[in-house]
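Below, each chain spelled out in residue letters.
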Amino acid sequence: MLRGRWIGMLLLCLLVAGVFAWLGQWQLERAIETDPPAPGATEQVQELDEVVTPGEYLPEPLVGQRVEASGTWVPGDFIVVSSRFNDGVQGYWVTGQLRVAERTSIAVAIGWAPDRETADAAVAELEAGSDGTEVPVAGRLISDEGPQVPPQSDPYQLDRMSSAALLSRWHDIEQLDVYRPYLASTTASAGLVDISSPAPEEMSPVNWLNVFYAVEWAIFAGFAFYLWYRLAKDAWEREVEEFEDAAAAETP
């Protein structure tokens, strides 16, 4: 082990182990949230523009954050979204484009309906009442679910609450800024049922998956030293065997 070759191998193993140790430390830093959100932070109502800006993704600690905003409903943009569950019962959401600023909008889930007829009736009522009057809306911010290819039987059917998919159906969208998350309204209107949207579970300040990765990197670092020891020992044992064989061959 004191030969130059094996000392060089040891230095190489030290370098590899150092890289693995650095990766383990990096994983540990990511595993422990040094500034976790305070308990119940999502239940403190904030202004929409204080939580997220148009075009940005909603950070994980803010998913489910209660916010309030005010704006006007854009006529013709009340759209029904299918496959929405309310307390385990499948139904429909009626959504709308809420214009919160001159060229800024957010998708709003206004309320839940148990059948398509009720949802369509609510759409008709909302269309009739969209006269440009500013209305307040409060609810929870939820991350965009992403678009989904509609079934061939109905190319206009929406089964996911996606701001991008709704944007493709909205009117007056030239140079329009849109919020990526959507707002699930706390109070329904137009004969709809309030959307069941309980408070999100409190997040643990420790990410155990990252802790597991950190332990893996520590094991890899230890394995680098074991590999050096095993290779050196195998070389030593091979030389001992060769020496014993040579000694036995010289013995008359």
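Residues numbered from 1 in each chain as written. Predicted model: local features only at pLDDT ≥ 70, side-chain atom pairs only at ≥ 80, totals over all residues. Heavy atoms only, no water.

Participant: Even after reading the chapter, I still don't get the pattern of salt bridges, so can you show me in this structure?
Facilitator: Any two side chains of opposite charge can pair if their charged atoms end up close together. Taken as a whole and assessed by the stated rule, the structure comprises 8 salt bridges. Note that D172 and R103 form a salt bridge whose closest N and O atoms lie 3.2 Å from each other. Taken together, the positions of D172 in the loop between helix 4 (163-167) and strand 7 (177-178) and R103 in the loop between strand 4 (89-101) and strand 5 (104-113) put the pair 69 residues apart, joining distant regions of the chain. With relative accessibility at 25%, the residue R103 sits in the partly exposed group. Note that E237 and R230 form a salt bridge whose closest N and O atoms lie 3.9 Å from each other. When salt bridges that share partners are traced, they join R84, E145 and R160 into one network. (Salt bridge = Lys/Arg side-chain N within 4 Å of Asp/Glu carboxyl O. Helix = DSSP H or I, 4+ residues; strand = E, 2+ residues; numbered from the N terminus. Buried < 20%, exposed > 50% of the residue type's maximum accessible area, 1.4 Å probe, protein only.)

Participant: Explain helix 5 (residues 208-250) to me, please; I cannot follow it from the model alone.
Facilitator: Since the α-helix advances by 3.6 residues per turn, residues separated by three or four positions end up pointing in the same direction. Compared with the 63 Å implied by 1.5 Å per residue over 43 residues, the 62 Å span of helix 5 between its first and last C-alpha is a close match. Burial in helix 5 covers these residues: N210, V211, A214, A221, A224, W228, A232 and A235. Buried-residue contacts for helix 5 involve helix 1 (4-31). (Expected span 1.5 Å × (residues − 1). Contact = heavy atoms within 4.5 Å.)

Participant: What is the right way to read the pairing of strand 4 from this model?
Facilitator: Across 2 bridges, strand 2 (residues 66-73) lies against strand 4 in antiparallel orientation. Residue pairing across strands places T72 opposite R99, the latter belonging to strand 4. Both strand 3 (residues 79-86) and strand 4 contribute to a ladder of 6 bridges, which runs antiparallel. Note that in strand 4 the partner of R84 across the bridge is G91. The antiparallel hairpin formed by strand 3 and strand 4 contains 2 residues in its connecting segment, where D87 sits at a positive phi of about 55°. Here strand 4 pairs with strand 5 via 9 bridges, running antiparallel. (Pairing = 2+ DSSP bridges.)

Participant: When you look at the pairing of strand 2 in this model, what are you seeing that I'm missing?
Facilitator: Consecutive residues of a regular strand have side chains that alternate between opposite faces of the sheet. Where strand 1 (residues 46-47) and strand 2 come together, 2 bridges link them in parallel fashion. Pairing of Q46 across the sheet is with V67, part of strand 2. Here 6 bridges tie strand 2 to strand 6 (residues 135-142), and the two strands are oriented antiparallel to one another. Looking across to strand 6, one finds that S70 is bridged to P136.

Participant: Explain helix 1 here, please?
Facilitator: Between its first and last C-alpha, helix 1 extends 40 Å over 28 residues, near the 40 Å set by a 1.5 Å rise per residue. If you check which residues of helix 1 are buried, you get W6, C13, A17, L23, G24, Q27 and A31.

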